[in-house]
Every structure is written in C-alpha cells, then in structure tokens.
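# Structural features, examined
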Amino acid sequence: MKCRPYRWTALFFLTAVTVLAAQVAPTGESPQHAPTQASTVQPQVENKALGPDLPLRSVPPKVVSVRFVVDHRSALNQQTVRVRGIVAAALLGDAACPPDRGMCMPPSIVLAESEPSKDRPACSVRILLPKESRPQDYPIGKAVELRATVDGQKTGVVLTKVD
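The rules behind the values
Residues numbered from 1 in each chain as written. Predicted model: local features only at pLDDT ≥ 70, side-chain atom pairs only at ≥ 80, totals over all residues. Heavy atoms only, no water. Helix = DSSP H or I, 4+ residues; strand = E, 2+ residues; numbered from the N terminus. Buried < 20%, exposed > 50% of the residue type's maximum accessible area, 1.4 Å probe, protein only. Contact = heavy atoms within 4.5 Å. Areas by Shrake-Rupley, 256 points an atom, 1.4 Å probe, with all protein chains shown as cover. Pairing = 2+ DSSP bridges. Right-handed = clockwise from strand over helix to strand, strands pointing away. Core = buried A, V, L, I, M, F, W, Y, C linked by side-chain atoms within 4.5 Å. Salt bridge = Lys/Arg side-chain N within 4 Å of Asp/Glu carboxyl O.

## So, the overall build of the protein
When helices and strands are tallied, the protein shows 3 helices and 6 strands. Each helix and strand of the protein, ordered N terminal to C terminal, gives the series α-α-β-α-β-β-β-β-β. Burial analysis of the protein (163 residues in total) assigns 24% to the buried set. For the protein, contacts bridging at least 24 residues in sequence account for 52% of all contacts bridging at least 6. For the protein, the accessible area works out to roughly 11600 Å², and carbon and sulfur atoms hold 59% of it.

Pasting the structure below:
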C-alpha cells in the first residue's frame, strides 16, 4: 500500500503540533502555577558583593559602622540608626542637578567605612540627603556621623538622612 502525499502532510503537521506543545508546556502545570514576570525578572537573591545578610536581635543605640549596616541590611530595614564613615563621593548641587541635563538625581553622598581591614573588603552605602544640603558640608574624605533610616533588602541597601 502506497502513502499518498496528503497523508504525509497530515502526519507531519500532527508531529509538529505535538513537539511544539511539549516545548511550550514542559511541566504539565496549569497556567495558574506558571511563574509570573515579576518572579522571574527580579528574584530576591543575596548579593555576593555585599556579603552575608545577617540577622539582628535589636537595633543598637550606639553609633554603627558602614560595614555593620551592610552586614545587617534586611534586619535594619525601616530602622533609624546613627552611622559613621568617610565621605567617598558627593552628588550635591550642580553635580546632582547639572543645568544642561534637564533631569536631577536626588542629593546624596556615598559613605565608606572608616576603618577598612585587610581581612574584609571595603564597603560603602549611599545616603540620600535633603535638597538644601550643600557641597561644602560634605567634602570628600571628611569623617561624618549622621542619623538615617535604612532601606535594606538582601540585594542592596540605601539610607535616607533624617536630621
């Protein structure tokens, strides 16, 4: 018995549909269980560059280092702390809002740890400042201590000055 061409076409079409269906839904789960775009685009994975995200029993009342804030970023989330460090960079005034750009960054400084050790890599945090902050108040290399609210997750940390 000889196969006619239209039978081969039908067989080819059914094979293609079966293969395509297997590639589209390899797990056999219903669409309600499929991962959403939010869960696949931005997973909450610990940032290896920042190091471990350690738990904390309570917020210390004393001044803490930049390293302490980075090491306990999730535990300090939405807490206000006094942090001490050295100004490593400042985006204030024209540096934060160049007149010819049309857009401005929030005024901020980058605070680095004041006593880096050879055993631990240096770390730093960005601290958002009020709009009226002046560049002369935060010169590069100056040691500062300020109160700030922490916004910390496993993936990063930023502080906002409160005083």
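After that view of the structure, there is still more to cover.
## A look at the side chain of Ser-133
Position of Ser-133 relative to the elements: it lies in the loop between strand 4 (124–128) and strand 5 (143–153). The contacts of Ser-133, once residues within four sequence positions are left out, are Leu-92 and Tyr-138.

## Remarks on the pairing of strand 2 (residues 80–91)
Strand direction decides the pairing type here: strand 1 (residues 64–65) and strand 2, joined by 2 bridges, are parallel. In the sheet register, Val-64 faces strand 2, and the bridge partner there is Val-83. Of the crossover connections in this fold, the one passing from strand 1 over helix 3 (residues 66–71) to the parallel strand 2 is right-handed. The pairing of strand 2 with strand 5 spans 7 bridges and is antiparallel. Directly across from Gly-85, in strand 5, lies its bridge partner Val-144. Bridge count for strand 2 against strand 3 (residues 108–112) is 5 bridges, and the pairing is antiparallel. Looking at strand 3, one finds that Ala-90 is bridged to Ile-109.

## Overview of the nonpolar core
In this structure, Val-69, Val-83, Ile-109, Leu-111, Val-125, Ile-127 and Leu-159 are the most contacted members of the largest nonpolar core, which totals 23 residues. Contributions of two or more residues to this core are made by helix 3, strand 2, strand 3, strand 4, strand 5 and strand 6 (156–161). Among the elements that take part in this core, strand 5 stands out by supplying 4 residues, more than any other. Not counting the four nearest positions on each side in its chain, Ile-109 is found in contact with Val-87, Ala-89, Ala-90, Leu-92, Val-125, Arg-126, Ile-127, Leu-129, Tyr-138 and Leu-146.

## Some remarks on the pairing of strand 3
Burial analysis of strand 3 places 4 of its 5 residues in the buried class, the great majority of the element. Strand direction decides the pairing type here: strand 3 and strand 4, joined by 5 bridges, are antiparallel. Residue pairing for strand 4: Ile-109 is matched across the bridge by Ile-127.

## Regarding the pattern of salt bridges
For the structure on display, the rule yields 5 salt bridges. Of the charged contacts in the structure, one is a salt bridge between Asp-71 and Arg-67, with a shortest N-O distance of 3.6 Å. With Asp-71 and Arg-67 both in helix 3, this residue pair falls 4 residues apart, about one helical turn. Both residues of the pair, Asp-71 and Arg-67, belong to the buried class. Across the pair Glu-145 and Arg-84 runs a salt bridge whose closest N-O atoms are separated by 3.0 Å.

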